[in-house]
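# Inside the fold
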There are 2 protein chains.
Amino acid sequence: MPENFADRLQAAIKSKHSPTCVGIDPVFAKLPAEISENKDLNDETDSEIALDAVLEFCRRVIKIIAPYVPAVKINSAFFERYYWDGIDGYFALIQEADKAGLIVIGDVKRGDIGSTAGMYAQATLAEPDFANLDALTGPDAVTVSPYFGLDGVKPFIQVAREESKGLFCIVRTSNESADEIQGAKLESGLSVAEHVAQQVETWAKDDGLIGNCGYSAVGAVVAARNPDEVVRLRGMMQSCYFLVPGYGAQGLTAADVAPCFKSDGTGAIVTASRSIIYAFDDMKYVERFTSEWDKCIEQACKDFVAEMNEVVQV
Amino acid sequence: MPENFADRLQAAIKSKHSPTCVGIDPVFAKLPAEISENKDLNDETDSEIALDAVLEFCRRVIKIIAPYVPAVKINSAFFERYYWDGIDGYFALIQEADKAGLIVIGDVKRGDIGSTAGMYAQATLAEPDFANLDALTGPDAVTVSPYFGLDGVKPFIQVAREESKGLFCIVRTSNESADEIQGAKLESGLSVAEHVAQQVETWAKDDGLIGNCGYSAVGAVVAARNPDEVVRLRGMMQSCYFLVPGYGAQGLTAADVAPCFKSDGTGAIVTASRSIIYAFDDMKYVERFTSEWDKCIEQACKDFVAEMNEVVQV
């Protein structure tokens with residue numbers, strides 16, 4: 001396997017012929033009845049039992065999707081919700097996904113200054129450095145908040161450089177009020193998000209971060225809110241792989257996310273979360289597979305891959 | 001005790017006659033020799049043993065400072081660094097600080113969109129809602145990242161409203177590269193930080209958040225980087241209590257942070273972290289107390305309170 005994170009990511013995308021990622025953000029109330037109604041798992045009021053149900057579901061999801069997509073994004077918040085046991089479970093899933101040959105992105109959106117950022121980089125991205133945890137593996141990459149500027153991101157970059165890991169700086173999000181801050185216009189004519197994009201590109205080009213594929217271990221989270229903006233952001237961050245949220249449940253289609261890619265089909269990986277992992281609630285799949293929830297998820301994953309293949313060939 | 005978080009915070013400040021907070025961000029390598037060289041605790045390579053040492057230190061610090069300051073800020077990153085056991089320890093310290101009568105601020109700097117922000121609000125701010133964790137208490141307030149706009153902050157505001165808790169939105173940080181993004185100038189003439197400040201003030205004035213003291217349960221993290229800017233931010237966020245980092249080890253003095261307060265001495269709480277908890281490394285205290293590290297911390301805490309009292313009387 002190539003060492004640089006962008007090279008590893010691109011190799012994984014090419015080997016699956018698909019620039020796709022499944023996002024795992026599990027909620028007990030939405031689990032398939034087969035799991036949540038299992039008598040050993042059916043107690044949402046007990047954090048350990050509820051977490052066991054959630055983890056059982058996530059393990060199954062990872063197995064189902066692993067043949068089709070190159071990467072998973074595991075959303076830390078949905079595990080932190082179960083306190084210390086949740087963190088244990090979050091890391092257990094990282095191990096599962098890693099063993100299944102997937103690139104693992106820890107969606108932690110951490111950010112802080114100086115020594116605190118260093119602690120977060122160690123806690124969320126680096127390989128654990130304790131003798132008693134030497135069997136534990138960290139994720140391949142994490143999401144990072146850029147509001148503090150370079151010195152809040154530097155410790156993550158240092159881990160990326162030393163341990164061949166990656167990070168995706170949050171540049172543009174898909175939520176309704178994202179414009180309140182990200183869309184504010186600067187004197188320079190750029191939006192705040194575009195200004196952040198310029199900073200991220202500078203960070204991405206720093207020594208030792210660009211891989212053989214031409215992309216950096218420092219990437220960007222870019223929601224495809226409007227095509228013109230995506231084209232500008234793509235132009236501004238030539239060195240950055242884009243992690244693109246918002247597909248499916250958040251309303252974006254393959255055509256919407258197409259401008260996140262360069263003309264050679266590289267440069268982005270698109271994430272779908274709820275539209276895949278809760279496909280057993282989607283009539284389109286229920287009509288076909290009834291209560292076979294795992295088949296619903298598998299088909300939704302295959303459809304996601306096929307839809308993306310119509311606009312990008314890798 | 002009054003219910004609204006700002007009222008509770010102000011009452012705590014008045015009862016201790018001091019608008020101060022001690023920040024707890026412990027690093028094993030900096031622990032007092034008495035703790036780190038204790039044979040049961042002296043193994044930095046084992047996460048459980050190292051964490052035990054860190055927690056022993058933090059428990060002692062909380063006891064030492066509790067008579068002098070109204071609040072502690074516990075920095076999540078320094079506990080996340082010990083994985084699931086670290087989260088367990090972080091919550092154990094919240095319980096200790098709560099029992100010691102302190103206002104507890106969880107410095108977690110979380111931020112995300114929609115359902116994920118909801119999970120973070122539940123995980124980091126709300127009272128635990130599991131039957132098996134009913135003895136567990138969450139912090140009184142947390143720090144929150146505003147880059148996603150209102151809908152990333154709303155779930156925290158909802159918990160604040162429903163459970164009489166608080167949040168401090170990060171507006172201005174004290175680090176060297178903070179200006180890269182926070183200092184960018186908008187068409188409107190405002191900096192990005194000032195624009196964020198305006199948003200935060202709007203959020204702070206929403207229904208049911210303003211307490212009898214006139215301040216909101218939604219506050220702001222404001223580093224006192226330069227006096228003119230602080231005066232502008234103070235003017236823009238009339239409803240917000242300021243949580244002010246940067247005192248002591250980061251170089252700020254009582255005079256520097258004075259403009260964070262309104263003329264009646266209310267409206268801010270100043271945090272000192274390393275200058276207090278590592279006072280036993282400061283020659284000023286070592287000369288006086290030699291190896292009595294707890295006395296160094298106590299004296300540094302008393303000095304902090306006294307220095308602040310020279311510029312603000314409450």
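Above this note sits the structure.
What you are looking at is a predicted structure, and each value in this text was computed from that prediction instead of being measured.

### So, the interface of chain B and chain A
Chain B puts 56 residues into the contact, and the matching count from chain A is 56 residues. Among the secondary structure elements, those contributing two or more residues to the side of chain B that touches chain A are α3 (47-65), α4 (77-80), α5 (83-99), α6 (114-124), α7 (150-163), α8 (179-182) and α9 (192-204) of chain B. Considering only residue class, the side of chain B that touches chain A consists of 24 nonpolar, 17 polar and 15 charged.

### What to know about the relation of the copies chain B and chain A
Under the fitted operation, chain B is carried onto chain A by 0.0 Å of movement along the axis and a turn of 180°, and the coordinates agree to an RMSD of 0.0 Å. What the superposition gives is, in effect, a two-fold axis relating one chain to the other. In this assembly the copies share their binding face: 100% of the residues contributing to the interface of chain B also contribute to that of chain A.

### Here's the deal with helix α1 (residues 5-16) of chain A
Residues and elements named next belong to chain A. Compared with the 16 Å implied by 1.5 Å per residue over 12 residues, the 17 Å span of α1 between its first and last C-alpha is a close match. Among all positions in α1, only Phe5, Ala6, Arg8, Leu9, Gln10, Ala12, Ile13 and Lys16 are buried. Check the buried side of α1 and you find it contacts β2 (71-75), β3 (103-110), β4 (141-144), α7 (150-163), β5 (166-172) and β8 (268-272). Immediately downstream of α1, the backbone of His17 shows phi near 50°, a positive value.

### Notes on the environment of Gly235 of chain B
All names here are of chain B. Secondary-structure assignment places Gly235 in helix α10 (residues 227-236). C-beta crowding within 10 Å serves as the criterion here: with 11 such atoms nearby, Gly235 is assigned to the exposed category. Placed 204 residues apart in sequence, Gly235 and Leu31 show a C-alpha to C-alpha distance of 41 Å.

### Some points on the pairing of β3 of chain A
Residue and element names in this part refer to chain A. Within β3, 8 of the 8 residues are buried, which leaves it mostly tucked inside the rest of the structure. Taking every second residue as pointing to the same face, both faces of β3 are buried, with Ile103, Ile105, Asp107 and Lys109 on one and Val104, Gly106, Val108 and Arg110 on the other. The pairing of β2 with β3 spans 5 bridges and is classified as parallel. Bridging from a neighbouring strand, Val72 pairs with Val104 of β3.

### A short note on the environment of Gly138 of chain B
All names here are of chain B. Turning to its location among the elements, Gly138 is positioned in the loop between α6 and β4 (141-144). You can call Gly138 buried: it has 21 C-beta atoms within 10 Å. For the pair formed by Gly138 and Ser47, sequence separation is 91 residues and the distance between their alpha carbons is 24 Å. Every residue in contact with Gly138, bar those within four places of it in the chain, is listed here: Leu125, Ala126, Glu127 and Pro128.

### Description of the packing of α9 of chain B against α10 of chain B
All names here are of chain B. Put simply, α9 and α10 touch, their axes get as near as 9 Å, and they point 25° apart. By the angle between their directions, the pair α9 and α10 is classed as roughly parallel. As for the relative orientation of α9 and α10, their crossing is right-handed in sense. For the pair formed by α9 and α10, the contact residues are Glu194, Ala197, Gln198 and Glu201 on the first element and Arg232, Leu233 and Met236 on the second. Residues of the contact of α9 with α10, tallied by class, amount to 3 nonpolar, 1 polar and 3 charged.

### Details of the pairing of strand β6 (residues 218-222) of chain B
The side chains of a regular strand alternate between both faces of the sheet. Residues and elements named next belong to chain B. With 5 of its 5 residues buried, β6 lies for the most part within the structure. Neither face of β6 is exposed, since Val218, Ala220 and Val222 on one face and Gly219 and Val221 on the opposite face are all buried. In terms of strand pairing, strand β5 (residues 166-172) meets β6 through 5 bridges, oriented parallel. From the neighbouring strand, Cys169 faces β6, where its bridge partner is Ala220. Direction of pairing for β6 relative to strand β7 (residues 242-247): parallel, over a ladder of 2 bridges. The residue of β7 that forms the bridge with Val221 is Leu243. With α10 bridging β6 and the parallel β7, this β-α-β connection has right-handed handedness.

What counts and what doesn't
Residues numbered from 1 in each chain as written. Chains lettered and ligands numbered in written order. Predicted model: local features only at pLDDT ≥ 70, side-chain atom pairs only at ≥ 80, totals over all residues. Contact = placed C-beta atoms within 7 Å. Helix = DSSP H or I, 4+ residues; strand = E, 2+ residues; numbered from the N terminus. Nonpolar A, V, L, I, M, F, W, Y, C, P; charged D, E, K, R; others polar. Least-squares fit on C-alpha atoms with pLDDT ≥ 70 in both. Expected span 1.5 Å × (residues − 1). Buried ≥ 20, exposed ≤ 12 C-beta atoms within 10 Å, placed from the backbone. Pairing = 2+ DSSP bridges. Axes fitted to C-alpha atoms, helices over the stretch in contact; angles between N-to-C directions. Parallel < 35°, antiparallel > 145°, perpendicular 65-115°, else oblique. Left-handed = near helix turned anticlockwise from the far one by under 90°. Right-handed = clockwise from strand over helix to strand, strands pointing away.

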